[in-house]
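Structure assessment
As a plain string of letters, each chain reads:
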Amino acid sequence: MKIDFRLLTIVACAFVVAGAAIVMTRQATNSAVVMEIIPPKGVAMTDRVPDGMQLEVTAKGLTLTLPECNLDKYQDKFFLHLYTRSGLEKNPPAFINLDFFLAQETGLAQQIHGEKSCVYLKPLSDFSPQQVNIGQFTVPNGNCCEITWSRTYIFDRNLLGK
Amino acid sequence: MMMATPKPASAVGAESHDRMYGLDVCRTMAILSVVFGHMLQHSTPHPYLASVGFMAIFGVDLFFCLSGFLIGRILMQVSERWPQEQERGVMQFWYRRWMRTLPLYFFFLFVELQIYWGGASSLSAQQAYLVFAQNLAWPMPSFYGLTWSLTVEEWFYFLFPLLILLSIGFGKTPRASVLTAIVIFLVIPPVLRFFLV
């Protein structure tokens, strides 16, 4: 049995290149890092994302999917705050406010495996956000605000930890 | 009466084999079941149809079997020459395979990036799609999700010949090298799945 070291080296190099590509990709997997908002003092945080609602946020747009198109659980106002690079450099950081009521938005009905759901789309690419905060809040007895759930999406990894 | 002209050596093997009717039938069944399965996903089927809809998943399995048979046969033929051709033979194999799939894949990836706003909006997310690593993200992103099976195939195209070449490098015959690669593919992935998932 004659071992061909040249061939083995070539194969080993190919494996290393493939492995490196996978490792590098794994390290940079998610387009956004999802974090929980730490509510400011005096603002209560009572819950997480309501069950069933699917949320997908990228720098290009927001996609909200409601199973059964049931709006009852989502009557509270949504806050949608976009932070651009220049906005984040300000102190305190400035954001673009796109708050909305879901009932006033137009959803696209779809059926997958016979199950109905409604998809709501909000384009964000015009703003080129570096960070997106989304959630719902109520104003109990006129006192603003009680956040019922929230998520923060950070698209620029350099902003992590700031 | 015309005499049969012997085929040039370069045309032997690889993609010069005669078409097999049975395989075309299998291909048709696989295509129809995949189309049927996706159709059911986006409609409200009759309960009877819905109950048999799960069988559509076997369309992809059938495709994998067909691919394994066809590509396996090609690999067994072309690898006979790899002790002499060495890496050139493998690169030729890759070139033939990738020219059939990659141009269309990258074209539709580009189209998806333009029209699907909900995914792969950052360069780091797109990187996975460039090296067919989207299957390694869990849960797998919905963006361009149909490519999962192509990803499996592309990694098979890449790794399987490399294993054959590795075995040839250790001095084994091409036939024994193919067998070694098959055994490795049968054993390692399930073991990895057991320990990693």
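Within every chain, residues take consecutive numbers counted from 1 along the sequence as written. To read the labels, note that chains go from A and ligands from 1, taken in the order they are written. Confidence filtering applies because this is a predicted model: local features only for residues at pLDDT of at least 70, side-chain atom pairs given and counted only at 80 or more, and all residues used for totals across whole chains, interfaces and linings.

**Observations concerning the overall build of chain A**
The numbering of helices and of strands both runs from the N terminus, where a helix is a DSSP run of H or I of at least 4 residues and a strand a run of E of at least 2. Along the backbone of chain A there are two helices and 10 strands. Ordering the α and β elements of chain A from the N terminus gives α-β-β-β-β-β-α-β-β-β-β-β. Around each residue's C-beta, the other C-beta atoms within 10 Å are counted; 20 or more make the residue buried, 12 or fewer make it exposed, and counts in between make it partly exposed. All C-beta atoms are placed from the backbone. Relative to its full complement of 162 residues, chain A shows a buried share of 17%. Residue pairs qualify as contacts under a 7 Å threshold applied to their C-beta atoms, which are placed from the backbone. At a minimum sequence separation of 6, the contacts of chain A that also span at least 24 residues come to 63%.

**Description of the pairing of strand β9 (residues 131–138) of chain A**
For a regular strand, side-chain orientation follows a simple rule: the groups alternate between the two sheet faces. All names here are of chain A. With six of its eight residues buried, β9 lies for the most part within the structure. The pairing of β9 with strand β10 (residues 146–154) spans eight bridges and is classified as antiparallel. Each bridged residue has a counterpart across the sheet, and for Gly135 the counterpart in β10 is Ser150. We call two strands paired when DSSP finds no fewer than two bridges between them.

**Focus: helix α1 (residues 5–27) of chain A**
With 23 residues, α1 of chain A should cover 33 Å at 1.5 Å per step; its first-to-last C-alpha distance of 32 Å lies within 8% of that length. Buried within α1 of chain A are the following residues: Leu7, Val11 and Thr25 of chain A. Under the convention used throughout, the expected extent of a helix is 1.5 Å for every residue step, that is, one less than its residue count.

**Describing the confidence of the model for chain A**
Residue and element names in this part refer to chain A. Confidence per residue, as judged by the predictor, is encoded in pLDDT with a range of 0 to 100. Chain-level statistics for chain A give a pLDDT mean of 78 and a share of 78% at 70 or above. The spread of mean pLDDT over the elements of chain A runs between strand β2 (residues 44–45), the lowest at 46, and strand β6 (residues 96–97), the highest at 92. Per-residue pLDDT stays below 50 along residues 36–47; that stretch engages in 17 contacts with residues further than four places along the chain or on separate chains.

**Observations regarding the nonpolar core**
The biggest cluster of nonpolar side chains holds 17 residues, and the ones touching the most others in it are Phe160, Leu163, Ile164 and Leu165 of chain B. Listed by contribution, the elements that provide at least two residues to this core are α1 of chain A together with α3 (58–78), α5 (87–115), α7 (148–169) and α8 (174–196) of chain B. Residues contacting Leu163 of chain B, with those up to four places away along its chain left out, are Thr180, Ala181 and Ile184 of chain B. Joined through C-beta atoms within 7 Å, a set of buried Ala, Val, Leu, Ile, Met, Phe, Trp, Tyr and Cys residues constitutes a nonpolar core. Counting 14 residues, the second largest nonpolar core, distinct from the first, contains Val57, Leu66, Val132 and Ile134 of chain A.

**Concerning the pairing of strand β3 (residues 54–57) of chain A**
All names here are of chain A. In the sheet, β3 pairs with strand β4 (residues 61–67) via four bridges, with the strands oriented antiparallel. For Val57, the partnering residue across the bridge sits in β4 and is Leu62. Hairpin connection, β3 to β4: the antiparallel pair is bridged by three residues.

**Considerations on unusual backbone geometry**
Residues other than glycine predominantly adopt negative phi, and peptide bonds predominantly adopt the trans conformation. All names here are of chain A. Cis peptide bonds are those with omega within 30 degrees of zero, and the linkage from Asn91 to Pro92 qualifies with 0°. Relative to the helices and strands, Pro92 is located in the loop between α2 (85–89) and β6. Phi at Glu68 is positive, roughly 60°, even though this residue is not glycine. With 12 C-beta atoms packed within 10 Å, Glu68 lands in the exposed category. You will see that Ser128, though not glycine, has its phi angle at about 45°, which is positive. Structurally, Ser128 can be placed in the loop between β8 (115–123) and β9. On the basis of neighbour count, Ser128 is assigned to the exposed category, with 12 C-beta atoms found within 10 Å.

**Things to note about the packing of helix α1 (residues 21–41) of chain B against α3 of chain B**
Residues and elements named next belong to chain B. With axes taken as lines fitted to C-alpha atoms, and helix axes fitted only over the stretch in contact, angles between N-to-C directions fall between 0 and 180 degrees. Relative to each other, α1 and α3 sit at 150°, their axes nearing to 7 Å. The angle between the axes of α1 and α3 places the two elements in the roughly antiparallel class. The way α1 lies across α3 gives a crossing that is left-handed. In contact with Leu23, Cys26, Arg27, Met29, Ala30, Ser33, Val34 and Gly37 of α1, α3 contributes Phe58, Gly59, Val60, Leu62, Phe63 and Leu66. Basically, the charged four are Asp, Glu, Lys and Arg, the nonpolar ten are Ala, Val, Leu, Ile, Met, Phe, Trp, Tyr, Cys and Pro, and anything else, Gly included, counts as polar. Within the contact of α1 with α3, the residues separate by chemical class into 10 nonpolar, three polar and one charged. Each angle gets one of four labels, with under 35 degrees taken as roughly parallel, over 145 as roughly antiparallel, 65 to 115 as roughly perpendicular, and the rest as oblique. If you view the pair so one helix is near and one far, a crossing is left-handed when the near helix is turned anticlockwise from the far one by less than a right angle, and right-handed when it is turned clockwise.

**A word on the packing of α5 of chain B against α7 of chain B**
Any two packed helices are characterised by the angle at which their axes cross and by the distance between the axes. All names here are of chain B. Remark: α5 packs on α7, axes separated minimally by 11 Å, with the N-to-C direction vectors making an angle of 175°. The angle between α5 and α7 places the two elements in the roughly antiparallel class. Here Val90, Phe93, Trp94, Arg97, Thr101 and Tyr105 of α5 lie close against α7, whose contacting residues are Leu150, Glu154, Tyr157, Pro161 and Leu165. Split by residue class, the contact of α5 with α7 holds eight nonpolar, one polar and two charged.

**Details of the environment of Arg81 of chain B**
Structurally, Arg81 of chain B can be placed in the loop between α3 and α4 (82–85). C-alpha separation for the pair Arg81 of chain B and Pro174 of chain B, spaced 93 residues apart in sequence, amounts to 8.1 Å.

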